[in-house]
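Chains, contacts and geometry: an overview
What follows is the residue order along each chain.
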Amino acid sequence: MSDITQQLQAQVQRAFQANNPLLIRGGGSKFFYGNACDGEVFAAGEHRGIIEYEPKELVITARAGTPLKDIESTLAQHGQMLAFEPPHFGETATLGGTIACGFSGPRRAFAGSARDFVLGCKVLTGKGEVIEFGGKVIKNVAGYDVSRLMAGALGTLGVILEVSLKVLPVPEAETTLAIAAHTNEAIDIMNARAGQPLPLSGAVYDGEAVVMRFSSTELGIKELRKKIAGDELKQGPEFWRQVKEQQHFFFANDMPLWRLSLAPATLPLGLPGSWLFDWGGALRWLKTDASPRDVRDAVAAEGGHATLFKHREFWERQQPYCVFHPLPSALMAIHQKLKTAFDPAKILNRHRLYEDRI
Amino acid sequence: MNDLHKKPLLINALRSGLPDNAILSSEEALRPYECDALSAYRELPLLVVLPETIEQVQAVITACASLEVPVVARGAGTGLSGGALPLSNGVVLSLAKFTRILGIDQLNRTACVQPGVRNLAISEAAAPYGLYYAPDPSSQIACSIGGNVAENSGGVHCLKYGLTVHNIQQLKVVTIGGDILTLGGSGFDGAGYDLLALMCGSEGMLGIIVEITVKLLPKPEYAQLIMAAFDDLAKAGKAVGDILAAGIVPAGLEMMDNLAIRASEAYVNAGYPTDAAAILLCELDGCSAEVRQQIQKVQAVLQQAGATSQRISADDAERELLWKGRKAAFPAVGRISPDYYCMDGTIPRRQLPYVLQRISELSGEYGLPVANVFHAGDGNLHPLILYDANIQGELQKAEELGGKILEICVEVGGTITGEHGVGVEKINQMCVQFSPLALQQFHAVKQAFDPQQLLNPGKAVPSLHRCAELGAMHVHGGKLPFPDLERF
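In this text the structure is predicted, and so the values were computed from the model without any measurement. (Residues numbered from 1 in each chain as written. Chains lettered and ligands numbered in written order. Predicted model: local features only at pLDDT ≥ 70, side-chain atom pairs only at ≥ 80, totals over all residues.)

Attention shifts here to the overall build of chain A. A count of helical and extended segments in chain A gives twelve helices and 17 strands. For the C-alpha atoms alone, the extent of chain A along its principal axes is close to 65 × 50 × 35 Å. For chain A, buried positions account for 56% of its 358 residues. (Helix = DSSP H or I, 4+ residues; strand = E, 2+ residues; numbered from the N terminus. Buried ≥ 20, exposed ≤ 12 C-beta atoms within 10 Å, placed from the backbone.)

What follows is the structure, given as structure tokens:
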């Protein structure tokens, strides 16, 4: 437990005056993510500790450097969880890094994303100001929703110091069912099921089988088993953990890994490579050496976006590509103005999201 | 140039992009637009325009921006915080003609709609597919989805199903520069900053929403409601936390106090116990085995919490009847008082007994009765202050009392608005809830979208000067923020 706000604030203030870029680092578990950027390492991981947690309120507030596993184990003691099922990508993952990256796991498609559960946050802007946004209550529409804007902003609008999240009870019972299917069938099965009143909490297609998780009460799961076909996967929890943490065998090599966000029922895109579908088809992992342009064009044609999630160095050696999907100019202009509004000298994770104009 | 001189120039500029009948300028035609559902505040706009295509919206924006005329977007005008209150020197841009449902995608579970489509109309259109749009503000038969996005509306089911922000997938927005931005994506997220989240609840101050893709959910197979009576408000309040701590997330969890119970019962005869100090309405939904099991669990929790009686809906007709009393609470209170003023604070649930006690003290002090209707599950209070606008000074008294209630909400760690928005109504309380640095940052956000300050200016975020004048600024450690600011 320690509050090092003042120390962090002083460091940002000095960097702001000296126009010295900072590389924000919590636990370092997600350093692979985003565009390459350099600067002085800004170690925020020591700013840690759960500040407030009252299970009856369904809200937890903690400093950003708090290890994610500490948050999850504290919640678990009270039968609660982070319902967006965040991946850790390493032992050292912090709450702040999780929210800054905006990462969510398999349950996201049915329970909501990291940003959906953000209720408020305290941030340290690029001007060295400490500001609180949002709140610690479940409904709050006072002021612009800056706290949710921070989710996924990769620290480029401010260093997250504290976050308040809505939490939910752990389901009483869960089961995982697998059904062998071809790709097109899999897309149909997952989306047809998602349109029915079933307690779905995960839907993955790994190229061979649709794997679906259901969460309910014990009687609810029993009743469901009578209605839904499929072989029960005994090692269900381990399957979901592997998918979430990218430890499933699909993820095991150094090929560029693309994250495609698409309407879940989008038909197969026809890009070469191998695929794993999560979120009922709305999140598609693609391992391919197809050119970034080809990937982006195919995804954009379907109204989605593509991120070069891992192994960007494969392409960097030839020609640097922005790992995030390029934005139309009017939207990019708003991004730049917002960046300037929070971080006028562009010292926070410079270029990590999009190239900053200095 | 003064505003009167601008009017003919503006009409001229608008005529090149809009048909004549889409421009209202006579006092008679403007009158219906002078207020939204917060009718205590009224103002006649310079003009009202009713475009029906996105190109026409762009033409309106371009004309207004070039003459520096402010623009106030308006949906169905059911907002409760004066967000659509016109500006005397501004144009009201009504989206009332954008009423088309552009498509329902059954497999992807989305509906693409224009902003003027009524909230309930989306669920009606989705019903043949077994789908619906979850957020259900009590005005859902009349309110428009564009307004829902602008206010980030909630409803009785948002504890389980979320607010508008959780149920929107994509927005098309016309900027003050006349550009069209697509925010979000065909999937569950978009590239770059989450501007979709920022746009939800931005009260028409960042852009004009012209198209919305909402998420649709499968209609739950089964729903059942428990009504529990309590002889003590604090016990009812505690029962709410007990239900949630027991691992149950009800679809709806509502509470009413005795005054609200009696008013509703007299109006709809739902069978509410009129002698109870409070009732809780707890709805569970899901598959039938799950609901039956949870109902048993909730019954036990309520029993333990000291409920004096419990009634479980036997069928949908009874469930709907029990809901009807809650949903009719506002008009029911309207029958027992010439006027009422609805507040919208949210508090941590554990503070409920304290806050209700303070409200009751204030009610006595001001001599104005307060009926309490409460989205208890998510801590969102709707105290209804009863007053008579024909009595000189009562409205002011009601507003003052309302302001004090909101300040109590902030004091206990809550917020001044859970779902109705700030608008003009709660702008002073923003000075209490947010630090000057936060307010300044909000202004910087607006500046990024609207450098000329033309989109609904003056709403939702107070100027630092205004806060200083109110003397309501945060003072930390005895240091007055911004000591160089003039204070009047």
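Structure shown, so let's carry the discussion forward.
Turning next to the overall build of chain B. When helices and strands are tallied, chain B shows 17 helices and 18 strands. Against the compact-globule benchmark of 23 Å for 488 residues, chain B has a radius of gyration of 23 Å, which places it among compact chains. The dimensions of chain B, computed from C-alpha atoms along their principal axes, are 70 × 55 × 45 Å. When each of the 488 residues of chain B is scored for burial, the buried share is 57%. The contacts in chain B between residues at least 6 apart in sequence include a share of 71% that link residues at least 24 apart. (Rg over C-alpha atoms; globule rule 2.2 N^0.38 Å. Contact = placed C-beta atoms within 7 Å.)

Moving on: the interface of chain B and chain A. Reports often express the size of an interface as the amount of accessible area lost when the parts come together. In this complex, chain B contributes 79 residues to the contact, which on the side of chain A involves 70 residues. The dominant element in the side of chain B that touches chain A, judged by the number of residues it contributes, is helix H16 (residues 436–449) of chain B, at nine residues. Looking at the side of chain B that touches chain A residue by residue, the class counts come to 34 nonpolar, 33 polar and twelve charged. (Nonpolar A, V, L, I, M, F, W, Y, C, P; charged D, E, K, R; others polar.)

Let us look at the sheet that holds strand S7 (residues 130–134) of chain A. All names here are of chain A. If you trace the five strands from one edge of the open sheet to the other, you get S3-S4-S8-S6-S7, paired in antiparallel fashion. Only two strands of the sheet have a single partner each, and these edge strands are strand S3 (50–54) and S7. Pairs of neighbouring strands in the sheet enclose a mean axial angle of 10 degrees, with direction left out of account. As paired elements, strand S4 (residues 59–63) and strand S8 (residues 159–166) share five bridges and run antiparallel to each other. Counted as the bridge partner of Thr61 is Ser164 from S8. (Pairing = 2+ DSSP bridges. Axes fitted to C-alpha atoms, helices over the stretch in contact; angles between N-to-C directions.)

With 257 residues, the main nonpolar core has Ile279, Leu280 and Ile385 of chain B as its most contacted residues. Not counting chain neighbours up to four residues away, the residues in contact with Leu280 of chain B comprise Ala228, Ala236, Ala239, Val240, Leu253, Met255 and Ala376 of chain B. (Core = buried A, V, L, I, M, F, W, Y, C linked by C-beta atoms within 7 Å.)

Right, let's talk about helix H9 (residues 236–244) of chain A for a bit. Residue and element names in this part refer to chain A. Within H9, burial applies to Phe239, Trp240, Val243 and Lys244. Axial view of H9: buried residues confined to an arc of 130 degrees, hence all on one face. Opposite the buried face of H9, at more than 90 degrees from it, the exposed residues are Pro237 and Glu238. Where H9 is buried, its residues touch strand S10 (173–180), strand S11 (200–205), strand S12 (209–216) and strand S15 (274–278). Phi for Gln246, located one or two positions after H9, is positive at around 55 degrees. (Arc of directions from axis to C-beta.)

A word on unusual backbone geometry. Residues and elements named next belong to chain A. A positive phi angle, close to 50 degrees, is found at Glu85, a residue other than glycine. Mapped onto the secondary structure, Glu85 falls in the loop between strand S5 (80–81) and helix H3 (95–101). Residue Glu85 is classed as buried on the basis of its 21 C-beta neighbours within 10 Å. Positioned with a positive phi, Phe89 is a non-glycine residue whose angle comes to about 55 degrees. The residue Phe89 is located in the loop between S5 and H3 in this model.

Residues and elements named next belong to chain B. Locating Leu171 in the fold gives a position in strand S8 (residues 168–174). Linking Leu171 and Gly187, residues 16 residues apart in sequence, is a C-alpha distance of 12 Å. The residues touching Leu171, leaving out its near neighbours within four places in the chain, are Val149, Leu183, Gly184, Leu196, Met199, Ile209 and Ile212.

So, about the sheet that holds strand S17 (residues 370–375) of chain B. All names here are of chain B. In space, the seven strands of this open sheet follow the order S15-S12-S14-S13-S17-S18-S16, with antiparallel pairing throughout. On the outer flanks of this sheet lie strand S15 (309–312) and strand S16 (339–342), each paired with one strand and no other. Between one strand axis and the next, the sheet turns through 15 degrees on average, direction left out of account. Two strands pair when backbone bridges link them, and S17 and strand S18 (residues 380–387) are joined in this way by six bridges, in the antiparallel orientation. Across the sheet, residue Val370 finds its bridge partner in S18, namely Ile385. Across the sheet, helix H8 (residues 233–245) is in contact with strand S12 (222–230), strand S13 (252–257) and strand S14 (278–286); its angle to S14 comes to roughly 20 degrees.

Attention shifts here to the pairing of strand S4 (residues 91–94) of chain B. All names here are of chain B. Alternating residues of S4 divide into Val91 and Leu93 and Val92 and Ser94, and every residue in both groups is buried. As paired strands, strand S2 (residues 47–49) and S4 are joined by three bridges and run parallel to one another. Counted as the bridge partner of Leu47 is Val91 from S4.

In this section: the pairing of strand S16 (residues 283–287) of chain A. Residue and element names in this part refer to chain A. Within S16, five of the five residues are buried, leaving the element largely enclosed by the surrounding structure. When strand S14 (residues 257–261) meets S16, the two strands line up antiparallel, connected through five bridges. Among the inter-strand pairings, Leu260 is bridged to a residue of S16, identified as Arg284. Looking at chain direction, S15 and S16 are connected through five bridges and run antiparallel. Among the inter-strand pairings, Ser274 is bridged to a residue of S16, identified as Lys287. Two successive antiparallel strands, S15 and S16, enclose a turn made up of four residues, where Trp279 displays a positive phi of approximately 50 degrees.

Let us look at helix H1 (residues 5–18) of chain A. Helical geometry note: an α-helix holds 3.6 residues per turn, so side chains three or four residues apart project in the same direction. Residues and elements named next belong to chain A. Along its 14 residues, H1 runs 20 Å from first to last C-alpha, staying within 8% of the 20 Å computed at 1.5 Å per residue. Burial in H1 covers these residues: Leu8, Gln11, Val12, Ala15 and Phe16. Projection of H1 onto a plane perpendicular to its axis shows the buried side chains occupying an angular sector of 135 degrees, all on one side. Opposite the packed face of H1, turned more than 90 degrees from it, sit the exposed residues Gln6, Gln7, Ala10, Gln17 and Ala18. As for H1, its buried residues are in contact with strand S1 (22–25), strand S2 (40–43), strand S6 (118–124) and S8. Downstream of H1 by one or two residues, Asn19 has phi in the positive range, about 55 degrees. (Expected span 1.5 Å × (residues − 1).)

With that settled, the discussion passes to the confidence of the model for chain B. All names here are of chain B. Put simply, chain B has an average pLDDT of 93, and 96% of its residues get 70 or more. Predicted confidence is poor over residues 473–488, with pLDDT under 50, and the contacts of this stretch with residues over four places away or in other chains come to 18 contacts. Interface confidence for the predicted complex, given as ipTM, is 0.97, next to a pTM of 0.96. (pLDDT = per-residue confidence, 0-100.)

Relative to the helices and strands, Gly178 of chain B resides in the loop between S8 and strand S9 (180–184). Along the primary structure Gly178 of chain B and Glu211 of chain B are separated by 33 residues, whereas in three dimensions their C-alpha atoms are 15 Å apart.

The next point concerns the packing of helix H1 (residues 3–15) of chain B against helix H3 (residues 54–66) of chain B. Residue and element names in this part refer to chain B. Running from amino to carboxyl end, H1 crosses H3 at an angle of 150 degrees, the nearest separation of the two axes being 9 Å. Taken together, the axes of H1 and H3 are roughly antiparallel relative to one another. When the axes of H1 and H3 are compared, the crossing they make is right-handed. Here H1 contributes Leu10, Ala13 and Leu14 to the contact with H3, which in turn contributes Val60, Ala63 and Ser66. Partitioned by chemical class, the residues of the contact of H1 with H3 number five nonpolar, one polar and no charged. (Parallel < 35°, antiparallel > 145°, perpendicular 65-115°, else oblique. Left-handed = near helix turned anticlockwise from the far one by under 90°.)

All names here are of chain B. Running from amino to carboxyl end, H8 crosses helix H10 (residues 288–304) at an angle of 145 degrees, the nearest separation of the two axes being 9 Å. The element H8 and its partner H10 pack so that their crossing is right-handed. Taking contact as the criterion, the partners of Ala239, Asp242 and Ile243 in H8 are, on H10, Val298, Val301 and Leu302. Per-class residue counts for the contact of H8 with H10 are five nonpolar, no polar and one charged.

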